[in-house]
Amino acid sequence: MVDEEQVWRTHSEGTLARSWEERVKPKAKPKARSRRLAQWVPVVGWISALWVGGMAATILAVHVITMSYQYDQLNQQYAALLRQNQSLAASVASLTSAQALMHDAARLKVTLVAPKTVAARLSAQRATAKVKPLAPVPRITNWIAHLAHTLGQ
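Residues numbered from 1 in each chain as written. Predicted model: local features only at pLDDT ≥ 70, side-chain atom pairs only at ≥ 80, totals over all residues. Heavy atoms only, no water.

Looking at an unreviewed UniProt entry, one finds the protein named Cell division protein FtsL and attributed to Sulfobacillus acidophilus.

Listed below in structure tokens is the structure:
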């Protein structure tokens, strides 16, 4: 009878369910140990960060110095070009002066005719129209007529 009781216990529904439950149940993975960094890693990290910061500052400083040198070079070139422009303007002015034109005309045996200036034309027009009306009404009428003529052009 003892044998039957042991067989019954091993094959009972409860033990069968528990045994299958253990078989089907997912196996719990062991927790991964938290890895702790070695004591020298933070020190190396700080030194690396300082070195990278120093390199970045050095590269920026070299870039600024290079750009400053290029700026100085361009500024010197600009000043030289300004001086050349001034000397060229002076030589052009000396070549186109009235004396230079008279000298060239004498050299080429050509008569030099002075052009009429705008002031000479205006004085000729004023000389022909010297009569000014004394009354204010004709003066205003004349002014309005000149204004209308000017706006019409």
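A. Structural view of the overall build of the protein. Within the protein, the secondary structure is distributed over six helices and zero strands. Of the regular secondary structure in the protein, the N- to C-terminal order runs α-α-α-α-α-α. A buried classification covers 2% of the 153 residues belonging to the protein. Surface exposure of the protein reaches about 15,400 Å², of which carbon and sulfur atoms provide 66%. (Helix = DSSP H or I, 4+ residues; strand = E, 2+ residues; numbered from the N terminus. Buried < 20%, exposed > 50% of the residue type's maximum accessible area, 1.4 Å probe, protein only. Areas by Shrake-Rupley, 256 points an atom, 1.4 Å probe, with all protein chains shown as cover.)

B. Summary view of the pattern of salt bridges. Summed over all chains, the structure comprises one salt bridge. With its nearest N and O atoms 3.5 Å apart, the salt bridge here joins Asp104 to Arg107. Here the residue Asp104 and the residue Arg107 both occupy positions in helix H4 (residues 98–108), the gap between them amounting to three residues, near one helical turn. What makes Asp104 partly exposed here is its relative accessible area of 29%. (Salt bridge = Lys/Arg side-chain N within 4 Å of Asp/Glu carboxyl O.)

C. Region of the structure containing the UniProt feature "transmembrane region" (unreviewed entry) in the protein. Per the UniProt entry, the sites bearing "transmembrane region" (unreviewed entry) are residues 43–65 in this numbering. Taken end to end, residues 43–65 comprises 100% helix and 0% strand; its first and last C-alpha atoms sit 33 Å apart. (UniProt positions renumbered as here; feature names shortened; annotations may be inferred.)

D. Seen up close, a nonpolar patch on the surface. On the surface, a nonpolar cluster with roughly 560 Å² of combined accessible area is contributed by Ile140, Trp143, Ile144, Leu147 and Leu151. In this structure, Ile144 sits in helix H6 (residues 136–152). (Patch = residues over 30% accessible without salt bridge, like charges linked within 9 Å, V, L, I, M, F, W, Y side chains within 5 Å.)

E. Representation of unusual backbone geometry in the model. We note that Lys109 has phi near 60°; this positive angle belongs to a residue other than glycine. By the element assignment, Lys109 lies in the loop between H4 and helix H5 (118–128). For Lys109, a relative accessible area of 77% gives the class exposed.

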